[in-house]
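Observations on chain architecture
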Amino acid sequence: MSTRFTRALLRLPGDNFADGLTCSSEGAPLLTRALEQHRRYALALEACGLATTTLPADPRYPDGTFVEDTAIVTARGAIVTRPGAASRAGEAELIGATLATQCARLLRIAAPGTVDGGDICETDSGVLIGITARTNEDGARQLATMLAELGYRSTPVDVRAVAGLLHLKTGISYLGDGRLAVAAGLPKLAALAGYELVTLAAEESYAANCIRVNDRVLVAAGYPRFAEALTRLGYDPLPLDMSEFRKMDGGLSCLSLRF
Ligand code: CIR
């Protein structure tokens, strides 16, 4: 994969983490366990060679630890999003202030557009922009224009009809080497033609949200068939317990901005 990451931004889950948005019926997350899982996640990124910055929780935003949704950070500039959930709208301004000190160029999605970073999947041949309940068509169009300005090609992928898919990356992840990990229930999508698809077993769908970070693939622990498939393909999976974030509909990618 061409992108080698050197830095990551994270935000700690706060005392009111359990008050965030969720459709899960797995019960309330335990903060102490979430903090430990978050710590191990940061250590895993560091083991992949990234310098991590962990921002403090902001009590106004219980979902703030899912920092990926607030920006798209590329080697040529960053785009501050406009999250699609009303309770998360202010998170973008918060991350904008931090990114302004780290990125050469900062662009911003404007109303009525909404974009969640979880809908944005960067690959070696372009950027897939998921259109979902969180990322609307206007937001996707604005983002495509901004990415073009930065020199990136992008393709919209409308997944609004796919049940149970919060974000595009809930169901697909780029593994590098022209390969996508894909959840079993995802319909055949024209935008994915041209990629080699590694389809997960139905009972392991949650693990479709994984992240290629330099020489490793961070995967949710507890999904052995997918981990074995990755190993067979020559990847080096690094399993991480995600139980408390899963309870809040979060996956591995949402917990950091990598650049
Ligand atoms: C939300 O519903 O916005 C959060 N509870 C979970 C966000 C997960 N983000 C992501 O997958 N990129």
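First, a word on what this report is: a plain description of the structure on this page. On a predicted model such as this, the values are computed, not experimentally measured, just so you know.

Turning our attention to the sheet that holds strand 9 (residues 172-176). The 3 strands are arranged 9-10-11 in an open sheet whose pairing can be described as mixed. The open sheet has two edge strands with one neighbour each: strand 9 and strand 11 (196-199). Averaged over all pairs of adjacent strands, the angle between their axes in this sheet comes to 30 degrees, without regard to strand direction. Two strands pair when backbone bridges link them, and strand 9 and strand 10 (residues 179-182) are joined in this way by 4 bridges, in the antiparallel orientation. When the sheet's bridge partners are listed, S173 is paired in strand 10 with A181.

This part covers the sheet that holds strand 5 (residues 106-108). In spatial order, the strands read 3-4-5; together these 3 strands make up an open sheet with mixed pairing. Unpaired on one side and paired on the other, strand 3 (71-74) and strand 5 mark the two borders of the sheet. The average angle at which neighbouring strand axes cross in this sheet is 15 degrees, direction not considered. As defined by bridge partners, strand 4 (residues 77-80) adjoins strand 5 across 3 bridges and the pair is classed as parallel. Looking at strand 5, one finds that A78 is bridged to L106. Together, strand 3, strand 4 and strand 5 form the strand contacts of helix 2 (residues 91-99), whose direction differs from that of strand 5 by roughly 165 degrees.

Here we come to the site of the ligand. Around the ligand there are 13 residues in total, and L21, D63, R88, R134 and M248 lie nearest to it. At 2.8 Å from a nitrogen atom of the ligand is found a side-chain nitrogen or oxygen belonging to D63. At a separation of 2.8 Å, an oxygen atom of the ligand approaches a polar side-chain atom of R134. In isolation the ligand has 350 Å² of accessible area, and contact with the protein removes 98% of it. Partitioned by chemical class, the residues of the shell around the ligand number 4 nonpolar, 3 polar and 6 charged.

Side-chain positions along a regular strand alternate between the two faces of the sheet. Bridging between strand 7 (residues 126-131) and strand 8 (residues 154-158) involves 5 bridges; their strand directions are parallel. The partner of V127 across the bridge, within strand 8, is S154. Read as a crossover between parallel neighbours, the route from strand 7 over helix 3 (residues 137-149) to strand 8 is right-handed.

Attention shifts here to the nonpolar core. In this structure, Y41, L45, L175, V213, L218 and F226 are the most contacted members of the largest nonpolar core, which totals 39 residues. Every element with two or more residues in this core is listed here: strand 1 (7-11), helix 1 (31-47), strand 12 (211-213), strand 13 (216-220), helix 5 (224-232) and strand 14 (237-240). Broken down by element, this core gets its largest block of residues, 5 residues, from helix 1. Residues in contact with F226, not counting those within four places in the same chain, are A181, V198, L200, E204, A207, C210 and V219. In this structure, C121, L165, L168 and A191 belong to the second largest nonpolar core, which totals 16 residues.

The rules behind these values
Residues numbered from 1 in each chain as written. Predicted model: local features only at pLDDT ≥ 70, side-chain atom pairs only at ≥ 80, totals over all residues. Heavy atoms only, no water. Pairing = 2+ DSSP bridges. Helix = DSSP H or I, 4+ residues; strand = E, 2+ residues; numbered from the N terminus. Axes fitted to C-alpha atoms, helices over the stretch in contact; angles between N-to-C directions. Contact = heavy atoms within 4.5 Å. Near = heavy atom within 4 Å. Polar contact = N/O pair within 3.5 Å; in protein donor to acceptor, adjacent residues only side chain to side chain. Areas by Shrake-Rupley, 256 points an atom, 1.4 Å probe, with all protein chains shown as cover. Nonpolar A, V, L, I, M, F, W, Y, C, P; charged D, E, K, R; others polar. Right-handed = clockwise from strand over helix to strand, strands pointing away. Core = buried A, V, L, I, M, F, W, Y, C linked by side-chain atoms within 4.5 Å. Buried < 20%, exposed > 50% of the residue type's maximum accessible area, 1.4 Å probe, protein only.

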